[in-house]
Amino acid sequence: MGYMRQLPNEDKPKLGAVVNQVLDEVESKVQEVLKDLKNQEILKAMENEKIDVTQPGLNRFADIGRRHPLSMTMEKAVDIFTQLGYDTITEAEFSPEVETDYYCFEALNCPKDHPARDMQDTFYLTEDREIMLRTHTSSVQIRALERLKPPLRIVAPGRVYRRDDIDATHSLMFHQVEILALEKRGELTLGHLKGTVEHFLKNMFGPDIKVRFRGSYFPFTEPSMEVDVFFRNKWLEVLGCGMVDPRVLEQAGIDPNEYSGFAAGFGVERFAMVIHGITDLREFYKNDKRFLEQFPHFYDDGVSSFLAGEPRQQPEPELRGETVPSKIVESVEELQEVMKAEGDKGKAQTKEKPKEEQAPAPESTEIDVSKLDIRVGVITKAWLHEEADKLFCEEIDIGEDSPRQIASGLRAHYNLEDLEGQRVLVLANLKARKLVGFPSHGMVMCASNSDGSVKFVEPPADAKIGERVMVEGYDGEPATENQVIKKKMLEQIFPDLKTNAAGIACYKGVPLTTTAGPCQPTLPNADVA
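What counts as what
- Residues numbered from 1 in each chain as written.
- Predicted model: local features only at pLDDT ≥ 70, side-chain atom pairs only at ≥ 80, totals over all residues.
- Heavy atoms only, no water.
- UniProt positions renumbered as here; feature names shortened; annotations may be inferred.
- Phe/Tyr/Trp six-rings, centres within 6.5 Å; stacked < 30°, edge-to-face > 60°.
- Buried < 20%, exposed > 50% of the residue type's maximum accessible area, 1.4 Å probe, protein only.
- Helix = DSSP H or I, 4+ residues; strand = E, 2+ residues; numbered from the N terminus.
- Pairing = 2+ DSSP bridges.
- Patch = residues over 30% accessible without salt bridge, like charges linked within 9 Å, V, L, I, M, F, W, Y side chains within 5 Å.
- Areas by Shrake-Rupley, 256 points an atom, 1.4 Å probe, with all protein chains shown as cover.
- Salt bridge = Lys/Arg side-chain N within 4 Å of Asp/Glu carboxyl O.
- 1 Å grid on protein atoms, 1.4 Å probe; cavity = no way out; pocket = protein on both sides within 12 Å on 5 of 7 lines; lining within 4 Å.
- Points joined across faces, edges and corners; volume = space filled by probe spheres on them.
- Nonpolar A, V, L, I, M, F, W, Y, C, P; charged D, E, K, R; others polar.

Going by the annotation in an unreviewed UniProt entry, the name recorded for the protein chain is Phenylalanine--tRNA ligase alpha subunit, with Amphora coffeiformis given as the source organism. Under the UniProt heading Sequence similarities (unreviewed entry), the entry covering the protein chain gives this text: "Belongs to the class-II aminoacyl-tRNA synthetase family. Phe-tRNA synthetase alpha subunit type 1 subfamily." Per UniProt, the comment on the protein chain under Subcellular location (unreviewed entry) is "Cytoplasm".

Chemist: Explain the packing of aromatic side chains to me, please; I cannot follow it from the model alone.
Modeler: One pair of aromatic rings is described through two measures. These are the centre distance and the angle between the planes. A full pass over the atoms with the stated rule returns 14 aromatic pairs. Seen from their ring centres, Phe-230 and Trp-235 are 5.2 Å apart, and the 65° between their planes marks the pair as edge-to-face. Trp-235 gets classed as partly exposed once you look at its relative accessible area, which sits at 34%. Members of the aromatic cluster, each reached through a chain of ring pairs, are Phe-81, Tyr-86, Phe-200, Phe-205, Phe-266 and Phe-271.

Chemist: How should I be thinking about the pairing of strand E6 (residues 173-184) in this particular structure?
Modeler: It is a general feature of regular strands that their side chains alternate between the two faces of the sheet. Burial runs high along E6: 10 of the 12 residues are buried. Relative to E6, strand E5 (residues 152-161) runs antiparallel, the two sharing 10 bridges. Among the inter-strand pairings, Pro-157 is bridged to a residue of E6, identified as Val-177. Inspection of the sheet shows E6 paired to strand E10 (residues 259-267) by nine bridges, in the antiparallel sense. For Ala-181, the partnering residue across the bridge sits in E10 and is Phe-262.

Chemist: It is not clear to me how a nonpolar patch on the surface should be interpreted in this structure. Could you clarify?
Modeler: Among the surface-exposed residues, Val-18, Val-22, Val-26, Val-30, Val-33, Leu-34 and Leu-37 lie close enough to one another that they form a single nonpolar patch of about 590 Å² accessible area. You can see Leu-34 is positioned in helix H1 (residues 12-48). By relative accessible area, Leu-34 is classed as partly exposed at 46%.

Chemist: It is not clear to me how empty space enclosed by the protein should be interpreted in this structure. Could you clarify?
Modeler: Unoccupied space between atoms shows up once a probe the size of one water molecule is rolled over them. Following the criterion strictly, the structure yields two cavities of 30 Å³ or more and no others. Quantified by volume, the largest cavity comes out at close to 50 Å³. Val-369, Ser-370, Leu-372, Ile-374, Arg-468, Val-469, Met-470, Val-471 and Tyr-474 together form the lining of the largest cavity. Residues of the lining of the largest cavity, tallied by class, amount to seven nonpolar, one polar and one charged.

Chemist: Would you mind going over unusual backbone geometry with me for this structure?
Modeler: The phi torsion of most residues other than glycine is negative, and most of the peptide bonds are trans. Of the consecutive residues Pro-150 and Pro-151, the connecting peptide bond is found in the cis state with omega at 5°. Topologically, Pro-151 is positioned in the loop between helix H4 (138-147) and E5. Residue Pro-223 is reached from Glu-222 by a cis peptide bond, and omega for that bond is 0°. Even without glycine at this site, Asn-287 takes up a positive phi of about 55°. Counting through the fold element by element, Asn-287 comes out in the loop between helix H7 (268-276) and helix H8 (289-292). The phi dihedral of Asn-525 is positive, around 50°, even though this residue is not glycine. In this structure, Asn-525 sits in the loop between strand E25 (517-518) and strand E26 (527-528).

Written out as structure tokens, the structure is:
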């Protein structure tokens, strides 16, 4: 604008018009930006000051979640059998919920005219009635017999489906747990079956529960029995069992003249209703918090008195709030006052309460290296994994009828030609699992240090193939494959498996030893796994 006086008079109005137009546009833009900034500031303030009026008030106690009574009942049942040495079968290849007619009926000795095949009882998925939702977990037994080599002991929990009218005692979907034990013919008898069932029921319902066996019929067992417990002054059926029918074994490719065994199964919902005194099965699926907060109370938490018809003793309130009703407070200050008052009250009660004799502590169930079944082995065959560039596939002789197939991530540390004939230690009580499609059953023990070096832990030259590696002072029996996983034993034991300064593999400083002496030196001061 300072140059306007230099322009001819006739051009000055033109420049003024242009300048005014630019000024209007700039002011308009500035106002838009200011308005946008103000809106952003308002939105930010609203977000920071937002109050969710649907949230509950401050709770005096933490709202601790609880397991569903069906889950707890099923897990307790499975735990009882795993403690007897049974392996849990839940993998999809053994326990599919969509099943074929063969596994659900034919292989279980069910003829075509069996009532269970009726359209009113089974959810068929195809018109030819060859594919269906399984009606029982007995189909898992057939798949296990085909894939696992006897002797075997398995427990198979799972969901099953039947076409039923929904009422207080029936549902379209429910849960079953089945067991199967198979040994050399003559090693398992009807007496073993009855003893197993009684042990299970007393662990589920309490040591004083009365049990009776009645003759019955199932197409896949012979002889067959139904089992009752005495509950509230009457006998209640809870379980079916029997010796495996030889024709079922033949269908699965097992010689019934060489192997025999027993099977049993029960409905989880029925057990949970009896144990917890539930009268309507539909309560399990309503997700009512008031219902779920009442559980569990198995026999070791008062169910013995419950079954006897005696009033159940209520546990003393815990400050965690698991059994104390919630109290709503309106402010943090009030919450602090309530907690302080409760603390003072607890201190006063502690002073007034006479000292009681303490019950003796339970026996230790410490998990140590004796739970691992470490065997002397030799690699008899090795090849490269076709799909994984870090894995070798090996066949290792550990003194069993056939070599173990094991995958090891050692291609960065060994050449293929170095493996055959290599003597190794094998951790044998691990469940078989697929590593990039290769079924691996066990683990080769190696030492590894911080610089990335990895070496086999080798047994003495004169150690016998298949003998168990021991540690002096730790003489327990090895755990089952299922227990090793379920109790996370490797996480507790491996931190104490190391080599010493001489390179000898040790557990808590005590060497791993065979009948021929301690294992050969390897990497010093290294981790062993």
